[in-house]
Amino acid sequence: MINLTPQLTTQQLTDPMQPEPFRVKRVMKESYDTFTLEMEPVNSERLFTFAPGQFNMLYIFGVGEIPISISGDPNQPAMLVHTTRIVGAVTKAMSKLKTGDVLGVRGPFGTGWPVSAAKGCDVVLVAGGIGLAPLRPVLYQMLAHRDRYGKVVLLYGCRSPEDILFRKELEKWRARFDLEIFVTVDYGDSDWHGNVGVVTKLIPKAPFDALNTVAMVCGPEVMMRFTAIELQKRGVQGEAIALSMERNMKCAIGLCGHCQFGPTFICKDGPVFTYPQLQSWLAQWEI
Amino acid sequence: MRTLDELLHEHEFFKGFKPEHLELMAGCATNVIFEAGEYIFREGENADVFYVIRHGHVALEIHDPRRGPIAIDTLQENDVLGWSWLFAPYHWHFDAKAIKLTRAVAMDGKCLRTKCENDHTLGYLMMQRFATVLADRLQQTRLQVLKLYD
Ligand SMILES: Cc1cc2nc3c(=O)[nH]c(=O)nc-3n(C[C@H](O)[C@H](O)[C@H](O)COP(=O)(O)OP(=O)(O)OC[C@H]3O[C@@H](n4cnc5c(N)ncnc54)[C@H](O)[C@@H]3O)c2cc1C
Ligand code: FES
């Protein structure tokens, strides 16, 4: 039986409540509502080591602070990378940052994806929408140590072809023989020759050995719920499914209670959990 | 070369069918090939056939005069294309277009309807299989309209 013990990776931060200034080095538009920032520390030579799945609290001065997962390459810790979708005040203000602007960073916080526990297994990553961003570091990590894993499969669903994130990178990865990528959109126009339908539809036919597979799922909660059900129908064990949860956050270190979900705090016990840890809470309202 | 009942036997949709039923079905079957870009059927046309896809990729489309064709679903190997042959008034609800070279077995709906009327065990089996396909598609459509990724 595959057992994904949650990977508690929180580092000892000198003062976890104190944001450190980071300067924007590059801004990349990923789609009409999503952008990526590459950043470096202003005052130090700090290498930003993190585990795939961890997040930072990003503080846009005078506007607010929000949790955003790290979307960069863990093997390139000189550059901190975040990919963000504009939904409200803080993400909108963040989208207006330009090269040279400064923002505050606290972190990294939380548990990471079970990258080590997946060694020797097939791995299926299921991403919905912006959920591809927190999973991208897993792909970097696995591709850097490709021989440690069986099949690596990415199933990615988004609304329309215009919403596809990291398009160039996906195309490059798709050309590899050791990585299988399937993308599906809810609606396609006449230029789209790929899959149409929800991401769960890709699961029954995806090439992995269900009994020896670790699944990592990231996206909105409803999508994750139905994905977990479909993965289990295919034969993947519940214990071998990891999900990343989101809740509003304030402290990010388990003090304020803002991110409580059932008996857990998403910021310190998660955001990555195993499916059995969450299963009974996932379908409940207003938790 | 494999016979039609062998091809049907290998297809996911017919798993568990008894040889005598497969033989009956094969009597209504023909092998077909569609080139990439070719329309397999169009909305409103008579639906007197369904397809079991052996290989390829098919888009189900709705034509919007403003936006052109909008793909709402895609089907591939081991999927079944078309259920309108089962229900009056037997007209297609969407366009179906091969987006890659597609090989399929076409099942003559009229021939099958007669066989299902005459053999209720076969009729029940077919209804059961199509009900499963329809339930799956309904579930997927529900998730699709939910805008799952917002
Ligand atoms: C651990 C963690 C990691 C995250 N990683 C990322 C990431 O990598 N990229 C990214 O773009 N976002 C990520 N988020 C979500 C992000 O934190 C929120 O989108 C952000 O806080 C919204 O702030 P805002 O002020 O712009 O919008 P708000 O004014 O707070 O909200 C505007 C609208 O968006 C809705 N909303 C707020 N938060 C979310 C959410 N999490 N999901 C869906 N709708 C929401 C609100 O209900 C409201 O309707 C993550 C969240 C958590 C908890
Ligand atoms: S954000 Fe304060 S306890 Fe989690």
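Preceding this section is the structure that the text describes.
Residues numbered from 1 in each chain as written. Chains lettered and ligands numbered in written order. Predicted model: local features only at pLDDT ≥ 70, side-chain atom pairs only at ≥ 80, totals over all residues. Heavy atoms only, no water.

## Looking at the site of ligand 1
Residue and element names in this part refer to chain A. Inspection of the region around ligand 1 gives 18 residues, with Pro67, Thr83, Arg85, Thr91 and Glu246 positioned closest. A distance of 3.0 Å separates a nitrogen atom of ligand 1 from a polar backbone atom of Ser69. Between ligand 1 and the protein, one listed contact pairs an oxygen atom with a backbone N or O atom of Arg85 at 2.7 Å. Protein contacts shield 68% of the accessible area of ligand 1, which totals 890 Å² for the unbound molecule. Every element with two or more residues in the shell around ligand 1 is listed here: strand 5 (64–69), strand 6 (80–85) and helix 1 (89–95). (Near = heavy atom within 4 Å. Polar contact = N/O pair within 3.5 Å; in protein donor to acceptor, adjacent residues only side chain to side chain. Areas by Shrake-Rupley, 256 points an atom, 1.4 Å probe, with all protein chains shown as cover. Helix = DSSP H or I, 4+ residues; strand = E, 2+ residues; numbered from the N terminus.)

## Describing the pairing of strand 5 of chain A
Residues and elements named next belong to chain A. The pairing of strand 4 (residues 55–60) with strand 5 spans six bridges and is antiparallel. Paired with Met57 across the bridge in strand 5 is Pro67. As consecutive antiparallel partners, strand 4 and strand 5 are separated by three residues, and within that stretch Gly62 has a phi angle of approximately 80 degrees, a positive value. (Pairing = 2+ DSSP bridges.)

## Looking at the interface of chain A and chain B
Of the residues lining the interface, 25 residues belong to chain A; the matching set on chain B comes to 22 residues. For the chain A and chain B pair, buried surface summed over both sides reaches about 2,100 Å², with 57% attributable to carbon and sulfur atoms. Sorting the residues of chain A by area buried against chain B places Val198, Lys201 and Lys205 of chain A first, and these three jointly supply 24% of that buried surface. Taken together, the connections running from chain A to chain B amount to four salt bridges. With a closest N to O distance of 3.6 Å, Asp150 of chain B and Arg85 of chain A form a salt bridge. On inspection of chain A and its partner chain B, the count reaches 11 residue pairs in polar contact (both at pLDDT 80 or more). Secondary structure elements with two or more residues in the side of chain A that touches chain B: strand 10 (152–158), strand 12 (195–196) and helix 4 (221–234) of chain A. Ranked by residue count, the leading element in the side of chain A that touches chain B is helix 4 of chain A, at three residues. Its residues placed into classes, the side of chain A that touches chain B shows nine nonpolar, 10 polar and six charged. (Contact = heavy atoms within 4.5 Å. Buried area = accessible area lost by both parts, 1.4 Å probe. Salt bridge = Lys/Arg side-chain N within 4 Å of Asp/Glu carboxyl O. Nonpolar A, V, L, I, M, F, W, Y, C, P; charged D, E, K, R; others polar.)

## Things to note about the packing of aromatic side chains
Under the definition given, this model contains 14 aromatic pairs over all chains. Ring geometry for Tyr140 of chain A versus Trp173 of chain A: centroids 5.8 Å apart, planes at 75 degrees, classification edge-to-face. Placement of Tyr140 of chain A in helix 2 (residues 132–144) and of Trp173 of chain A in helix 3 (residues 167–174) is noted, with a sequence separation of 33 residues between them. Of the residues examined, Trp173 of chain A reaches a relative accessible area of 6% and is grouped as buried. Aromatic pair Phe13 of chain B and Phe14 of chain B: ring centres 5.0 Å apart, planes at 90 degrees, arrangement edge-to-face. For Phe14 of chain B, a relative accessible area of 1% translates into the label buried. Across from the ring centre of Phe208 of chain A, 4.1 Å away, lies the NZ or CZ of Arg234 of chain A, which sits over that ring. (Phe/Tyr/Trp six-rings, centres within 6.5 Å; stacked < 30°, edge-to-face > 60°. Buried < 20%, exposed > 50% of the residue type's maximum accessible area, 1.4 Å probe, protein only. Lys NZ or Arg CZ within 6 Å of the ring centre and 35° of its normal.)

## Regarding the sheet that holds strand 11 (residues 180–185) of chain A
Residues and elements named next belong to chain A. Taking strand neighbours across the sheet as the criterion, the seven strands line up as 12-11-10-9-13-14-17 in an open arrangement whose pairing is mixed. Edge strands, defined here as strands with exactly one partner in the open sheet, are strand 12 and strand 17 (272–274). Here strand 9 (residues 122–128) pairs with strand 13 (residues 213–218) via six bridges, running parallel. Its bridge partner being in strand 13, Asp122 is matched across the sheet by Thr213. On the sheet, helix 2 packs against strand 9, strand 10 and strand 13 and is oriented at approximately 155 degrees with respect to strand 9. The sheet contacts of helix 4 involve strand 9, strand 13 and strand 14 (241–244), and relative to strand 13 the element is tilted by about 165 degrees. (Axes fitted to C-alpha atoms, helices over the stretch in contact; angles between N-to-C directions.)

## A word on the packing of helix 3 (residues 109–118) of chain B against helix 4 (residues 120–145) of chain B
Residue and element names in this part refer to chain B. Interhelical geometry of helix 3 versus helix 4 gives an angle of 120 degrees and a closest axis separation of 5 Å. In terms of orientation, helix 3 and helix 4 fall into the oblique class. The segment helix 3 lies against helix 4, with Leu112, Lys115, Cys116, Glu117 and Asn118 engaging His120, Leu122, Gly123 and Met126. Grouping the amino acids of the contact of helix 3 with helix 4 by side-chain chemistry returns four nonpolar, three polar and two charged. (Parallel < 35°, antiparallel > 145°, perpendicular 65-115°, else oblique.)

## Quick notes on the state of the cysteines
Residues and elements named next belong to chain B. For the structure shown, the criterion picks out one disulfide over all chains. Note that Cys28 is cross-linked by a disulfide to Cys111, the S-S spacing being 1.9 Å. On the S-S bond that ties Cys28 to Cys111, the torsion sits near -70 degrees, and the link is left-handed. Of this pair, Cys28 sits in the loop between helix 2 (19–26) and strand 1 (29–34) while Cys111 sits in helix 3, placing them 83 residues apart in sequence. Cys28 gets classed as buried once you look at its relative accessible area, which sits at 5%. (Disulfide = S-S within 2.5 Å.)

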